[in-house]
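Coordinates in review
Here is how the chains run, residue by residue.
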Amino acid sequence: DGMISSIADSINEKADLVINEPGLHASIGWMDIFSNFCDPGYEYKETLESGAMAAAAGGFTDVLVLPNSNPAVHNKSQVEYILQRSAVLPVNLLPIGSVTKNTEGKELAEMYDMKQSGAVAFSDGINALQSPGILLKALQYVQAFDGTIIQMPDDKSIGTHGLINEGIISTQLGLPGKPAIAEELMIARDIELLRYSGSKLHITAVSTAKGIELINNAKKEGLHISCSVTPYHVLFCDEDLVTYDTNLKVNPPLRSRADMMAIQQALLNGSIDCIASHHLPQNWDNKICEFEYAKYGMIGLQTMFSAMMSIGLPVGDFVQMQTTAARNIFGIVSPPLEEHQKACITLFDPAKDFLFEEKDIQSRSKNSPFISKMLRGKVKGIINGTKQQFF
């Protein structure tokens, strides 16, 4: 009935289902903190159902869902819509409430109401908050219920028309660039606002060495700040864009090789709190076109584990980041992997090599740069209470 009845080296009970594979590992269910499921309003890209299947195939039992739908998740009825629809799904979908109405960055949304209805964090998602006054008010507001603001560092007034990282590669390719300072200034500004407010802030999609350094210094100072990086900033850099692969058009853009190596090093030395998939489905029309007109983003839930295995991140570190560390950021209690507790388990084989093909993709959208690539680290599935999903 969805409970763990026994954990032992040898169990002789008769079972309804036995999963027996060499090299199979089990851990507490993984959590992703930044995924766009496009529902309601953009169901042709993704639905809550297809997003949940993609998450399960990636080993996630819990996913924080972005508010960038239509209508945006900016009131309690939208929060309740996600929670009610996800009740029958194998994955727990946890709504992120928007900080501002319609994620437009102009007027604060009813965050307290959304919190009472089940929102676990607050963010304008892929629309970074541009106004320091709005962000400061939001940081002060969420203190009343010990909430956390998630911010993507992107100053839209710098490199407004930039398509890729500003540097040698953007010059060679003849594409307008977005400089790293657009991110670094935003991080520095937000840290100042956090210091003033004494609130809690999570910065996601950090993509530069300087950005990591600023956040590390803020942590040493004792501020309530945490950060996450995306799998694509860990694995790719602007040099990979010479083929004009639109799947690699992301925001913040892929940075220099030096920044990519700095992000990898920060992951390996424990400076990063967790990894955020930044799962952003785009339909065929928005990716199979000229680079200039392609929309930002790639799907990433199914390939996150394999991506992290490819850079040599220890399995234990990955599991710790995506279980207890990710939940701690938002004050979510980790489900214990113990007898007489509800089962919340991810099954995976970190050493298994496999070919990732388009037919394996559970998302409605197929915008992944990993199609037809050999990957290492295969997820078998999840057990989430009485619900389970195997692949």
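It should be noted that the structure appears before, not after, this text.
Here's what I pulled together on the structure shown here. Within every chain, residues take consecutive numbers counted from 1 along the sequence as written. In keeping with the predicted nature of the model, local features appear solely for residues at pLDDT of at least 70, side-chain atom pairs appear and are counted solely at 80 or more, and the whole-chain, interface and lining totals rest on all residues. Side-chain measures were taken over the full set of non-hydrogen atoms in the model, leaving aside hydrogen atoms and water.

Notes on the overall build of the protein chain
- The numbering of helices and of strands both runs from the N terminus, where a helix is a DSSP run of H or I of at least 4 residues and a strand a run of E of at least 2. Looking only at helices and strands, the protein chain features 11 helices and 14 strands.
- The C-alpha atoms of the protein chain give a radius of gyration of 20 Å, which matches the 21 Å a tight globule of 391 residues would have.
- Overall, the protein chain is about 65 × 50 × 40 Å in size when its C-alpha atoms are taken along their principal axes.
- Within the span of the protein chain, comprising 391 residues, buried residues form 57% of the whole.
- Once local pairs closer than 6 in sequence are excluded, the contacts in the protein chain between residues at least 24 apart make up 77%.
- A total accessible area of about 16,300 Å² is found for the protein chain, and carbon and sulfur atoms account for 51% of it.
- Separation of charge centres in the protein chain, based on 32 positive and 44 negative side chains, amounts to 2 Å. The atom set for the radius of gyration is the C-alpha atoms, and the globule formula is 2.2 Å times the number of residues raised to the power 0.38. Categorising residues by exposure relies on relative accessible area from a 1.4 Å probe, with only protein chains included: less than 20% of the type maximum marks a residue as buried, more than 50% marks it as exposed, and the intermediate range marks it as partly exposed. The contact criterion used is simple: two residues touch if any of their non-hydrogen atoms lie within 4.5 Å. Computed with a 1.4 Å probe, the accessible areas rest on the Shrake-Rupley method; for each residue, only the protein chains presented here act as cover. The charge count treats Lys and Arg as positive and Asp and Glu as negative. His and the chain ends do not count. Every charge is mapped to an atom, namely NZ of Lys, CZ of Arg, CG of Asp or CD of Glu.

Observations regarding the pairing of strand β2 (residues 30-35)
- Burial of β2 is extensive: six of the six residues sit out of reach of the surface.
- Relative to strand β3 (residues 60-65), β2 runs parallel, the two sharing four bridges. For S35, the partnering residue across the bridge sits in β3 and is V65.
- Convention used here: a crossover is right-handed provided that the path from the first strand, over the helix, to the second strand proceeds clockwise when the strands point away from the viewer. Where the polypeptide runs from β2 across helix α1 (residues 48-57) and back to β3, its parallel neighbour, the crossover connection is right-handed. A pair of strands counts as paired when DSSP detects no fewer than two bridges linking them.

Describing the packing of helix α4 (residues 132-142) against helix α6 (residues 181-197)
- Taken N-terminus to C-terminus, the directions of α4 and α6 make an angle of 40°; their axes are 10 Å apart at the nearest point. The pairing of α4 with α6 is recorded here as oblique in orientation. As for the relative orientation of α4 and α6, their crossing is right-handed in sense. Along the contact surface, α4 presents P132, L135, L136, L139 and Q140, while α6 presents R189, D190, L193, L194, Y196 and S197.
- Classifying every residue of the contact of α4 with α6 by side-chain character gives seven nonpolar, two polar and two charged. Only C-alpha atoms enter the line fits that serve as axes; for helices the fit covers just the stretch in contact. Angles between N-to-C directions range over 0 to 180 degrees. We call two directions roughly parallel when the angle between them is under 35 degrees, roughly antiparallel when it is over 145, roughly perpendicular when it lies between 65 and 115, and oblique otherwise. By convention, the crossing between two helices is left-handed when the near helix turns anticlockwise from the far helix through less than a right angle, and right-handed when the turn is clockwise. Amino acids outside the nonpolar list (Ala, Val, Leu, Ile, Met, Phe, Trp, Tyr, Cys, Pro) and the charged list (Asp, Glu, Lys, Arg) are all regarded as polar, and Gly is one of them.

Notes on the pattern of salt bridges
- Any carboxyl oxygen of Asp or Glu that lies within 4 Å of a side-chain nitrogen of Lys or Arg is treated as forming a salt bridge with it. Tallying each qualifying case throughout the model produces 17 salt bridges.
- For the salt bridge of D154 with K178, the shortest nitrogen-to-oxygen distance reads 3.2 Å. On the criterion of sequence distance, the pair formed by D154 in the loop between β6 (149-151) and β7 (164-165) and K178 in strand β8 (residues 177-178) is long-range, its members being 24 residues apart. Residues D154 and K178 agree in their burial class; the two are buried.
- The partner of D273 in a salt bridge is K219, with the nearest N and O atoms 2.8 Å apart. On the criterion of sequence distance, the pair formed by D273 in the loop between α9 (257-268) and β11 (274-275) and K219 in helix α7 (residues 209-220) is long-range, its members being 54 residues apart.
- A residue is classified by how much of its surface remains accessible, and D273, at 23% relative accessible area, is partly exposed.
- On the basis of relative accessibility, which here comes to 25%, the residue K219 falls in the partly exposed class.

A closer look at the packing of aromatic side chains
- Here the aromatic set is Phe, Tyr and Trp, taking the six-membered ring for Trp, and pairing holds for ring centres within 6.5 Å; pairs whose planes are under 30 degrees apart are stacked, those over 60 apart are edge-to-face, and all others are tilted. One pass over the full model with this rule turns up 11 aromatic pairs.
- On the basis of an interplanar angle of 55° and a centroid distance of 5.1 Å, the ring pair of W30 and F348 is categorised as tilted. A residue pair is termed long-range when its members are at least 10 positions apart, and W30 in strand β2 and F348 in strand β12 (residues 344-356) qualify at 318 residues. Of the two residues examined, W30 and F348, each falls in the buried class.
- On the numbers, 6.4 Å between centres and 75° between planes, the contact of Y141 with F145 is edge-to-face.
- Assessed through its relative accessible area of 13%, F145 is described here as buried.
- These aromatic residues form a ring-pair network of at least three members: W30, F60, F305, F318 and F348.
- Charge-over-ring placement is defined geometrically: NZ (Lys) or CZ (Arg) within 6 Å of the ring centre, and within 35 degrees of the ring normal. Just above the ring of Y42 sits the side chain of K45; from NZ or CZ to the centre is 5.6 Å.
- Geometry around Y296 places K249 over its ring, the cationic atom sitting 5.0 Å from the centre.

Shape is all these values report; function is a separate question.
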